[in-house]
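Take a look at the letters that make up each chain.
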Amino acid sequence: MLCLLRQMRFLLLFSRQGRLRLQKWFTPMMDREKKKIIRDMTTMVLSRQPRTCNFMQWKDLKIIYKRYASLYFCLAIESQENELLALEVIHRYVELLDKYFGNVCELDIIFNFEKAYFILDEFLMGGEIQETSKQIVNRSIDASDMLQETLEEYMSKPAF
Amino acid sequence: MLQHSYTHTAMSPSVPLQEMIRAIRSARTQCEERGVIQRECAAIRAQFRQADNGGRSHNLAKLLYVHMLGYPAHFGQMECVRMIASSRYSEKRVGYLGAMMLLDEKQDASLLITNSIKNDLSHSNQYVQSLALCTLACMGSAEMCRDLAPEIDRLLRASNSYIKKKAALCAVHIVRKVHELGELFAPAARSLLSEKNHGVLHGAVVLITELCERSSESLERFRKTVPDLVQIMKGLVISGYSPEHDVAGISDPFLQVRLLRLLRILGRNNETASDAMNDLLAQVATNTDSTKTVGNAVLYETVLTVLDIKSESGLRVLAVNILGRFLLNNDRNIRYIAMTSLQKIVGTDHNAVQRHRGTIVDCLKDQDASVKRRALDLSLALVSASNIRSMMKELLLFLSSCPPELRSQAANGIFTAAERYAPSKRWHIDTILHVLITAGGDVRDETVPNLIQLITNTSELHCYTVHKLYRALLSDISQQSLVQVACWCIGEYGDLLLRGDCQEVEPMQVCEDDVLDALETVLQSHMSSTATRGFALTATMKLSTRITDNVDRIRSIVSIYGSCIDLELQQRAVEYNALFKKYDHMRAAVLERMPVIERNSSGLINGDPTGEPVKEVQPSKVKTEVSLPLPQAADQTCDLLDLLSSSEQQPQSPPAAGSSILTQPLGTDCSAGRDLLDLLGGLEPTPPPTAVTVYEKDGVTLTIVCEKQSDSAMTVTLTGFNSSDCDVSSFTLQAAVPKSVQLHMKAPSGDSLPAGGAAKVTQVVLLNNPNKVNLKMRIRVSYSCRGSTVQETVQVDSFPGL
């Protein structure tokens, strides 16, 4: 049995020009491999015809992709996973980003990429869904941010 | 503690990071960008070396951005390790992010963070714990997992839900890395099922699924939880609106799907477990709202579960019907997954899937190439004796407009289906012709011989077939397989074509010149492959016995091709020429109608000589002659070196390539025409062979009989005979020939010559004399008789029959 079997293998976000905005790898991989996969995914997804379905077969994985405004979300799942649910996973992540940034757009993700990762890491973990409630994820992020802000402020205040 | 009027908007952005990003983005060329990045990286490196200046997290963040653009960032690895060990949350946060992005288990530096993770796992602040858990689940090596497993187990049992859910997924990662540790987590996993928090439940279900997939003991143990799982699921399906987990009216679809998946694993191959979940599955299947994707996601998982466990037939039908409904959905994603699911069950639930055949066939016309492909697979799987006619109509329609990458699959699928379920021979032939006309270039090689075999077997349709093929040939000669079959038929049944009276086709007056024109067009066209031209030439030749007026035209065509550059065509033409000249008396017999062709398992044609059922097929007989020389022959020749005037080695090679085509092995690209030529050698008239006695002593005689095979090759048959009254044993023969002559001795029939001529020994020797030197042969005879050994050498200078 494969020890690398998990729900999701990787998640990529890239623009219509193929510029990478986020990469999350759920299994260990060589840099060379990652670069190849990124190339393959961007080529495959960007060359898809407009009215085709959101699923593709690639090697032993299923690739689920969806375009939101100028960003392509590309999620690779194991072949026995539920494609329709994968679409919901992508959609949930977009909703989380939208709630955090307020009408999220590509620029938000470019200039605040680390936040996009923090949010992702509250939603998914080890290639599986970690939290199914939107509100709880949002609250966790806010609380973490507050912790960071608080501590920083605290650290920068002169000691009296 | 400071009070924040903190809103939900993002906290203040990292200014240095954003400035750098702006600078990079404003670069107008790749080169400029590289320049900016190089400068930034240099600055970052310098910063890393400096003492703590409060801006460390910003620096690392900048490096991570640069890394995402594809630039090397390994020099930041140690900085990640340092940041993780920091006491500042902001630094830890970026440090751990950096670790997940830059470090993986293959890097040595990853081991260095094990201690930090260990400490942070028991940090007082849950967000720090969370960072450690997340990182461990992301890139924890097997070593780290072993090290930290007990800690994770502790967190699984005693912590708040925020940590528990993360610990569960950490445990999942650990089990994936170190299978044996599954045992450790099993008890905690079991107790987590009684939690109310969805995040924890979800994590627990994932963990239990992982454990069950890895060990059958776990599977057995967790089967007992089926009633609990059913309860949880029921709660989700029936309960009222829960705002926290609602997605378009479905309560926590993510958890529902995971529960269904676990139920599937537990119910597989187990009647009891399957029974326990039957009602629930029926409930979910009927009650789930299917207007949105999320509902369909749950329905889909339900269907997969129903079809995989031992469900009762009513439930199975329900599941297949859901798939059938999916096929009609406007959303092509849904149509696509319906197809893939139906494909998986078309073998086991064939009748249920047949009910949706109409919809599936309609999907052949879908715009989406992936849907089309699936529809083709399914349609081919659904063809049966009862629907073959209507299905074939649809499939042929599909073939004429399908995307090029599917043509081969479609054509071959159609052939297989036609072969299995053809309602009549005429229908079968028509179908194959249709495919060849539409997609002749995409069919497999065996199609041509297979079709020829089918045609010869259908004698009542010979007239019809040749007419149809002739017409097809007139309109298009680009599809090689079609042209080959057409040429073969015209050659074989040309007389029927010329007679012109065929009921099933429109009357068409075809004269001999028309037919020869058609064949010549094929011969001369640059579109025709060599094989095709071979077919055309042979067909032309065969017509010489089927037409009356234009035989001279055929003669001239054949003689022209005698000097064709293509070796294959040239050889054929030369041999056909011979058939016109020297062997004209045989031409009619040789070019006679072919008998029904037997089909061997590989689909190749096995030609039987006309009217001689007992004789073995010439080509295979020849094949043995071409085989490597036997060891004893080698010894014999070596021994004879001293007998010969020249002391050079005799070559052991098989007869040269220039010799008769009898020696060429039968290839897969065999046309009926080729077989015909192979028969030619066998039917060659030989004058009764004269046996010449070359040795005689005390009743033991040796005779030779010579047969010329071609210009340079001949066979010499040596026969030993014993008319004396004492037995002869160990009768062996050795032969030697001049240097340039090739010799091959076949195995003798035996080595004993009983007294009184009761039996004889024969041995065949193959000679090839390409240089046409004066042929001589020395033969050494040795045998035992009356206890003593006799050895004699004779020389043969003239060979009768040469």
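In the block above lies the structure referred to throughout.
Attention in this report is confined to the structure presented alongside it.

### Some details on the sheet that holds strand β4 (residues 61–68) of chain A
Residues and elements named next belong to chain A. Here we have five strands laid out as an open sheet, ordered β2-β1-β5-β4-β3, and antiparallel in their pairing. Each edge of the sheet is formed by a strand with only one pairing partner; in this case those strands are β2 (20–25) and β3 (55–58). Strand-to-strand twist across the sheet, computed as the mean angle between neighbouring axes with direction ignored, equals 20°. Bridge analysis of strand β1 (residues 8–15) against strand β5 (residues 71–78) gives seven bridges, and the strand direction is antiparallel. Among the inter-strand pairings, Met-8 is bridged to a residue of β5, identified as Ile-77.

### A closer look at the pattern of salt bridges
Throughout the structure, instances matching the rule amount to 56 salt bridges over all chains. In this structure, a network of salt bridges that share partners links the residues A:Glu81, B:Arg261, B:Arg264, B:Arg268, B:Glu301 and B:Asp308.

### Points about the nonpolar core
The biggest cluster of nonpolar side chains holds 284 residues, and the ones touching the most others in it are A:Phe10, A:Tyr93, B:Ile152 and B:Phe185. Residues in contact with B:Ile152, not counting those within four places in the same chain, are B:Leu121, B:Leu133, B:Leu136, B:Ala167, B:Cys170, B:Ala171, B:Ile174 and B:Phe185.

### Here we look at a negative patch on the surface
On the surface, a cluster of negative charge is made up of B:Glu271, B:Asp275, B:Asp279 and B:Glu312. Exposure remark for B:Glu271: the relative accessible area of 51% places this residue in the exposed category.

### Some words on the interface of chain B and chain A
Contacts between chain B and chain A engage 82 residues on the former and 75 residues on the latter. Counting across the chain B and chain A interface gives seven salt bridges. B:Arg258 is the partner of A:Glu128 in a salt bridge, and the nearest nitrogen-oxygen pair spans 2.7 Å. For the interface between chain B and chain A, the tally reads 21 residue pairs in polar contact (both at pLDDT 80 or more). Taken together, the residues of the side of chain B that touches chain A break down into 37 nonpolar, 22 polar and 23 charged.

About the thresholds
- Residues numbered from 1 in each chain as written.
- Chains lettered and ligands numbered in written order.
- Predicted model: local features only at pLDDT ≥ 70, side-chain atom pairs only at ≥ 80, totals over all residues.
- Heavy atoms only, no water.
- Pairing = 2+ DSSP bridges.
- Helix = DSSP H or I, 4+ residues; strand = E, 2+ residues; numbered from the N terminus.
- Axes fitted to C-alpha atoms, helices over the stretch in contact; angles between N-to-C directions.
- Salt bridge = Lys/Arg side-chain N within 4 Å of Asp/Glu carboxyl O.
- Core = buried A, V, L, I, M, F, W, Y, C linked by side-chain atoms within 4.5 Å.
- Buried < 20%, exposed > 50% of the residue type's maximum accessible area, 1.4 Å probe, protein only.
- Contact = heavy atoms within 4.5 Å.
- Patch = residues over 30% accessible without salt bridge, like charges linked within 9 Å, V, L, I, M, F, W, Y side chains within 5 Å.
- Areas by Shrake-Rupley, 256 points an atom, 1.4 Å probe, with all protein chains shown as cover.
- Lys, Arg positive; Asp, Glu negative; His and termini not counted.
- Charge placed at Lys NZ, Arg CZ, Asp CG, Glu CD.
- Polar contact = N/O pair within 3.5 Å; in protein donor to acceptor, adjacent residues only side chain to side chain.
- Nonpolar A, V, L, I, M, F, W, Y, C, P; charged D, E, K, R; others polar.

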